[in-house]
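Notes for the structure review
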Amino acid sequence: MSAIDLAIVGAGPAGLAAAATAAELGLSVTVFDENTAPGGQIYRGIEAVAGPRARDLAVLGPAYAAGKAVVERFRASKAGYSPATTVWLVQKDRRLGILRDGKASMVEARRVLIATGALERPVPIPGWTLPGVMLAGAAQSLLKASGMVPAGPVVLAGNGPLLWQLAAQFVAAGVNIAALLETGSAYKAALPHLPAVVLAGGYLAKGLGLIASVRKAGVPIRRSVEGLRAVGKGRLQAVEFTAGGRAERIPAELLCLHQGVVANAQLGMAIPLKHEWVEAQRCWRPVLDAWGNSDVEGIAVAGDGAGIGGADAAVHAGRIAGFEAARALGRIDAAARDARAAGDVAAWRRHLRARPFLDALYPPARALRVPADDVMVCRCEEVTAGQVREAVRQGGTGPNQVKSFTRTGMGPCQGRMCGLTISEIIADALGKPVAAVGTYRIRPPIKPLTVGELAALE
Amino acid sequence: MFRRLHEPANAVTIQIDGSPVRAAPGDSVAAALLATGNPVCRQSPASGADRAPFCMIGACFECLMEIDGVPNRQACLVPVREGMQVRRQARPTPVGAVASPADKVAS
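Given the structure is predicted, the values throughout are model-derived calculations rather than measurements. (Residues numbered from 1 in each chain as written. Chains lettered and ligands numbered in written order. Predicted model: local features only at pLDDT ≥ 70, side-chain atom pairs only at ≥ 80, totals over all residues. Heavy atoms only, no water.)

Considerations on the overall build of chain A
Counting its secondary structure elements, chain A contains 20 helices and 22 strands. Residues counted as buried form 61% of the 458 residues belonging to chain A. Intrachain contacts of chain A at a sequence separation of at least 6 include 67% that bridge at least 24 residues. Summed over all atoms, the accessible surface of chain A reaches about 17,600 Å², with 55% contributed by carbon and sulfur. (Helix = DSSP H or I, 4+ residues; strand = E, 2+ residues; numbered from the N terminus. Buried < 20%, exposed > 50% of the residue type's maximum accessible area, 1.4 Å probe, protein only. Contact = heavy atoms within 4.5 Å. Areas by Shrake-Rupley, 256 points an atom, 1.4 Å probe, with all protein chains shown as cover.)

Put into structure tokens, the structure is as follows:
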């Protein structure tokens, strides 16, 4: 098996930009991605929308259209592309286990870049497993990939930029938005970061524009929403909550939940790369140097998977990682890397200036980080917050012990939907910082493959 | 539960529990399911409660369905193909137990 120079996991903005940059410098590159087309989640479906589905662009908006240039530059490069491919293993020796067309194989690389992007933070509320409840990003994926919008009345609940963006897109598409329920935005806490977000350029105007378009459309908006519940018998029928001390019930066919995005650290944790808890974003991220290198030789991380920075920051981070790969493999020296990357480093830093404002403005609500006893927190194994607290009372000191007590995190999602909540609940119950409590030990394969596929491994 | 902004060109037809469902090339199986009146993809193995696709990006594993005879495929990651046979997954029957009518997925 001959090694490729650079294996990239993920075809979002960071992975695509890194691939194009490294390939332009003469490296042999392959991008492995789970989806059938490039763009990641943020630019999902961009090639179709840039082509035959051009009508949908008016609904999706200009920020989405920016993905076209990123994908085009990747397509124009000599970088290889392996779509519909699952990476279920990355070893410290930079061998990757992949699965494509039901066939598992190993790939050897001289360098690996993990560009697995972001996941939505879990939003555990009573009733969140009912059909008719989904994450806001899920509804947005349907819009991007398939040009689909909710057929009946929809309630959007939570906080964060994506919630407003989705609301604005639904308004443009003529969707019946029954209400937008904001679980709290901390304007006072965000105020000190206002100058920085202004300097980051565009973010504030974009956000205010989205909010204005939703308001102008007359969407009912409730602020400081608490006690959010999805209710219905076998299917969502209504959303219940209190706002300003008043209890309300809004009938709906669909509830879209959102409270920000977090780094998708699953693959890096399985290697494992060293990770740290980021208090401002309340999630884990890999510990990296200025060039994106992890503590494991030859393995780097770029984009939202390295900590949330947004799509524009991810493009620059990807390019920076591409230059660094070329340096590490001897194609260019450090001085050439520094010179070529200087513009991207400056732009990357500028985009990251917007983050402290957004992080402070949209903190995840405490009741959604540390839910009440009756709320199911592990969807796969149906474990409640109360059962997790009981396991702590019985002596459980961390997520791995609570996992063996309760089965939380043992289901098919491997802790992706409950990991953060479990760590937060245990930390809260023990009166310790989340960093001290830790998270699940993630083990490969991080995606399912059958025994037959494993046995036929080449 | 979802509607299309525009009718698809070159629609394909898949079967969900034996009923024909029209889908657009490029749709995932989960998307095609959600464009029908019934978003349920499976019953939870733990309680038997109905579940529907939740994250649509391959992370939550709620959308596990039987696709062309292979169970537990992530329907949000599998693109539709003409003639594809898709089945909602019922709660697995515990070893030694007899399936009750309640273990059947409502469709």
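Regarding the overall build of chain B
Counting its secondary structure elements, chain B contains one helix and eight strands. For chain B, the succession of helices and strands along the chain, N to C, is β-β-β-α-β-β-β-β-β. Every one of the 107 residues in chain B was classed for burial, and the buried ones make up 52%. For chain B, the share of sequence-separated contacts (at least 6 apart) that also reach a separation of at least 24 residues comes to 44%.

Comments concerning helix H7 (residues 161-172) of chain A
Residues three or four positions apart in an α-helix share a direction because the helix packs 3.6 residues into each turn. Residue and element names in this part refer to chain A. Look at H7: 17 Å from first C-alpha to last across 12 residues, which is about the 16 Å you get at 1.5 Å a residue. Counting buried residues along H7, nine of its 12 residues qualify, which places the element largely inside the surrounding structure. The positive-phi residue at the C-terminal boundary of H7 is Gly174, with phi of around 75°. (Expected span 1.5 Å × (residues − 1).)

As for the interface of chain A and chain B
Taken together, the contacts link 48 residues of chain A with 35 residues of chain B. Regarding the contact of chain A and chain B, the summed buried area is about 3,400 Å², with carbon and sulfur atoms giving 61% of it. Here B:Arg51 and A:Glu382 are joined by a salt bridge, their closest N and O atoms 2.8 Å apart. Viewed at the interface, chain B and chain A are joined by 15 residue pairs in polar contact (both at pLDDT 80 or more). Every element with two or more residues in the side of chain A that touches chain B is listed here: strand S7 (118-120), strand S8 (133-135), helix H6 (136-146) and strand S9 (148-150) of chain A. For the side of chain A that touches chain B, the class distribution of residues is 26 nonpolar, 11 polar and 11 charged. (Buried area = accessible area lost by both parts, 1.4 Å probe. Salt bridge = Lys/Arg side-chain N within 4 Å of Asp/Glu carboxyl O. Polar contact = N/O pair within 3.5 Å; in protein donor to acceptor, adjacent residues only side chain to side chain. Nonpolar A, V, L, I, M, F, W, Y, C, P; charged D, E, K, R; others polar.)

Things to note about the sheet that holds strand S11 (residues 177-182) of chain A
All names here are of chain A. Read from one edge to the other, the open sheet built from five strands follows the order S8-S16-S10-S11-S12, with strand pairing classed as parallel. Two strands lie at the open edges of the sheet, namely S8 and strand S12 (221-222), each paired on one side alone. Relative to S12, S11 is paired through two bridges, and the arrangement is parallel. Paired with Leu180 across the two strands is Ile221, which belongs to S12. With respect to the sheet, H6 is in contact with S8 and strand S16 (254-259), its orientation differing from that of S8 by roughly 80°. (Pairing = 2+ DSSP bridges. Axes fitted to C-alpha atoms, helices over the stretch in contact; angles between N-to-C directions.)

Things to note about the pairing of strand S14 (residues 238-243) of chain A
Residue and element names in this part refer to chain A. Where strand S13 (residues 225-231) and S14 come together, five bridges link them in antiparallel fashion. Considered in S14, the bridge of Ala230 is made with Val239. Between the end of S14 and the start of strand S15 (residues 246-251), which pair antiparallel, lie two residues, with Gly244 showing a positive phi angle near 60°.

Brief notes about the side chain of A:Thr408
Residue and element names in this part refer to chain A. One can find Thr408 in the loop between helix H17 (399-406) and helix H18 (419-430). When its relative accessible area of 0% is taken as the criterion, Thr408 is described as buried. Excluding its chain neighbours within four sequence positions, the residues that come into contact with Thr408 are Cys378, Val383, Val402, Lys403, Cys418, Ile422 and Tyr440.

Re the pattern of salt bridges
Summed over all chains, the structure comprises 33 salt bridges over all chains. Between A:Glu248 and A:Arg246 there is a salt bridge whose closest N-O contact spans 3.6 Å. Under the relative-accessibility criterion, A:Arg246 is labelled exposed at 53%. Put simply, B:Arg22 and B:Glu7 hold a salt bridge, and the shortest N to O gap is 3.5 Å.

Here we look at the packing of helix H16 (residues 385-393) of chain A against H18(A)
Residues and elements named next belong to chain A. Between H16 and H18, the shortest axis-to-axis distance is 10 Å and the interhelical angle comes to 50°. The orientation of H16 relative to H18 falls into the category oblique. Both H16 and H18 take part in a crossing whose hand is right-handed. Counted together, Ala385, Val388, Arg389 and Val392 of H16 and Ile422, Ile425, Ile426, Ala429 and Leu430 of H18 form the full contact between these two elements. Across the contact of H16 with H18, the residue classes break down as eight nonpolar, no polar and one charged. (Parallel < 35°, antiparallel > 145°, perpendicular 65-115°, else oblique. Left-handed = near helix turned anticlockwise from the far one by under 90°.)

Some thoughts on unusual backbone geometry
With omega at -10°, the peptide bond leading from A:Ile271 into A:Pro272 counts as cis. As for its position among the elements, A:Pro272 is in the loop between helix H11 (266-270) and strand S18 (275-278). Put simply, A:Pro444 and A:Pro445 share a cis peptide bond, and its omega is 0°. Relative to the elements of secondary structure, A:Pro445 occurs in the loop between helix H19 (434-437) and helix H20 (451-455). The residue A:Ser224 is not glycine, and still its phi comes out positive at about 50°. Its location among the elements puts A:Ser224 in the loop between S12 and S13. Despite not being glycine, B:Phe61 has its phi angle at roughly 60°, a positive value. With respect to the helices, strands and loops of the structure, B:Phe61 is situated in the loop between strand S5 (50-51) and strand S6 (64-67).

Regarding the environment of A:Leu199
All names here are of chain A. Relative to the helices and strands, Leu199 resides in helix H9 (residues 194-200). A residue is classified by how much of its surface remains accessible, and Leu199, at 54% relative accessible area, is exposed. The sequence separation of Leu199 and Asp33 amounts to 166 residues, and the corresponding C-alpha distance is 34 Å. Every residue in contact with Leu199, bar those within four places of it in the chain, is listed here: Arg350 and Arg353.

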